Amino acid sequence: MRFIFVDAENIGLKGVEAIDASISDKVIVFSKNEAVKEACERKLFLYVSSYPSGPNQADFYVIGNLIGIIASLSEVQRSACQFILYTQDNALTTAFSFQCKLHKVNSKIALKPKSDVQQKRIVEPKKLLQSLEQMIYDQLKTAQTTEAVRKKLKQPKPEFTKALNQLIRAEKIRRVSKNKKTWIRA
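Summarised in this report is the structure supplied together with it.

So, how was this worked out
- The residue numbering used here restarts from 1 in each chain and proceeds along that chain's sequence as written.
- Since the coordinates come from a predicted model, pLDDT governs what is reported: local features require at least 70, and pairs of side-chain atoms require 80 or more to be given and counted, while whole-chain, interface and lining totals use all residues.
- Calculation of side-chain values draws on the structure's entire complement of heavy atoms; hydrogens and water are dropped beforehand.
- Strand pairing is defined by DSSP finding a minimum of two bridges between the two strands.
- To qualify as a helix, a DSSP run of H or I must reach at least 4 residues; to qualify as a strand, a run of E must reach at least 2; elements of each kind are numbered from the N terminus.
- Every axis corresponds to a line fitted to the C-alpha atoms, with the helix fit spanning only the stretch in contact, and the corresponding angles, defined between N-to-C directions, vary from 0 to 180 degrees.
- Every residue pair with non-hydrogen atoms within 4.5 Å of one another is taken to be in contact.
- Handedness of a crossover is defined as follows: orient the strands so they point away from the viewer, and if the path from the first strand over the helix to the second runs clockwise, the crossover is right-handed.
- Note that the term roughly parallel is reserved for angles under 35 degrees, roughly antiparallel for angles over 145, roughly perpendicular for angles of 65 to 115, and oblique for everything else.
- Working rule for handedness: look at the near helix, and if it is turned counterclockwise from the far one by less than a right angle, call the crossing left-handed; if clockwise, right-handed.
- Here the term charged refers only to Asp, Glu, Lys and Arg, the term nonpolar to Ala, Val, Leu, Ile, Met, Phe, Trp, Tyr, Cys and Pro, and the term polar to all other amino acids, Gly among them.
- The criterion is simple. A nonpolar core is a set of buried Ala, Val, Leu, Ile, Met, Phe, Trp, Tyr and Cys residues joined through side-chain atoms within 4.5 Å.
- Burial classes follow relative accessibility: with a 1.4 Å probe on protein chains only, a residue under 20% of its type's maximum area counts as buried, one over 50% as exposed, and anything between as partly exposed.

1. Details of the sheet that holds strand 3 (residues 46-48)
Overall, parallel pairing links the 5 strands, which are arranged 3-2-1-4-5 in an open sheet. Pairing within the sheet leaves two strands with one partner each, and these edge strands are strand 3 and strand 5 (106-109). The average angle at which neighbouring strand axes cross in this sheet is 20°, direction not considered. Where strand 1 (residues 2-7) meets strand 2 (residues 26-30), 5 bridges bridge the pair, whose relative direction is parallel. Within strand 2, the position partnered with Val6 by the bridge is Val29. Its contacts with the sheet place helix 1 (residues 8-17) against strand 1, strand 2 and strand 4 (82-86), and it is angled at close to 105° to strand 1.

2. What about the pairing of strand 5?
Of the pairings in the sheet, the one linking strand 4 to strand 5 comprises 4 bridges and is parallel in character. Its bridge partner being in strand 5, Gln82 is matched across the sheet by Asn106. Following the backbone out of strand 4, through helix 5 (residues 90-102) and into the adjacent parallel strand 5, one traces a crossover that is right-handed.

3. Topic: the packing of helix 7 (residues 146-153) against helix 8 (residues 157-169)
Any two packed helices are characterised by how steeply their axes cross, that is the angle between the axes, and by the distance between the axes. Interaxial distance between helix 7 and helix 8 falls to 11 Å at its minimum, and their mutual angle equals 120°. When the axis of helix 7 is compared with that of helix 8, the two are oblique. As helix 7 runs across helix 8, the sense of the crossing is right-handed. Side by side, helix 7 and helix 8 meet where Thr146, Glu147, Val149, Arg150 and Leu153 of the first sit next to Lys157, Phe160 and Leu164 of the second. Class assignment of the residues belonging to the contact of helix 7 with helix 8 gives a composition of 4 nonpolar, 1 polar and 3 charged.

4. Here's the deal with the nonpolar core
Phe3, Phe5, Phe30, Leu66, Ile69, Phe83 and Phe96 are the most contacted members of the largest nonpolar core, which has 20 residues in total. Going through the elements one at a time, strand 1, strand 2, helix 3 (57-72), strand 4 and helix 5 are the ones with two or more residues in this core. By residue number, the principal contributor to this core is helix 3, which donates 6 residues. Setting aside anything within four residues of it in sequence, one finds Phe30 in contact with Phe5, Val6, Asp7, Ala8, Glu9, Val48, Tyr51, Tyr61, Val62 and Asn65. Grouped together as the second largest cluster of nonpolar side chains are 14 residues, Val6, Ala8, Ile19 and Val27 included.

5. Re the pairing of strand 4
Of all 5 residues in strand 4, 4 are buried; the element is thus mostly enclosed. Of the pairings in the sheet, the one linking strand 1 to strand 4 comprises 5 bridges and is parallel in character. Its bridge partner lying in strand 4, Ile4 is registered against Ile84.

The structure is reproduced here in structure tokens:
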């Protein structure tokens, strides 16, 4: 028998729909999404949404259910079962594999974790902000309004404001005392 755990919050509706399970497989899908719920009903998957909302709550529930199922099986049943996880979450994959090894059950991670390339993309915006900070700093050789600088640099307000606030916190720029709307290097 196969127990298939699906972190639908991580792989989404398309990932759930792509799972090919036999009628004897026990597929448990963790999600709070209504479209995922409907897909589970069509495919006869068990839909679980009774965990609290928040970061990693579904992951904790996946591991809790894994342990509960393993604990309910006899040693003979455990040896005849395979536990499969569908997620691309590195931390959940690590926890799932660890628990399966700890309890000496056969396990498989069905999807490859997100690559380092995707993780590097998360870091790149910070580099962009740092270079934006430098561009703002370079513009403030002479006193001017932040809106004038933003327009010169053709930057959207949210990113510009984040970079500007970093410069203010670092005390690299200051307001001009005569006109509080203008800024200059400190």
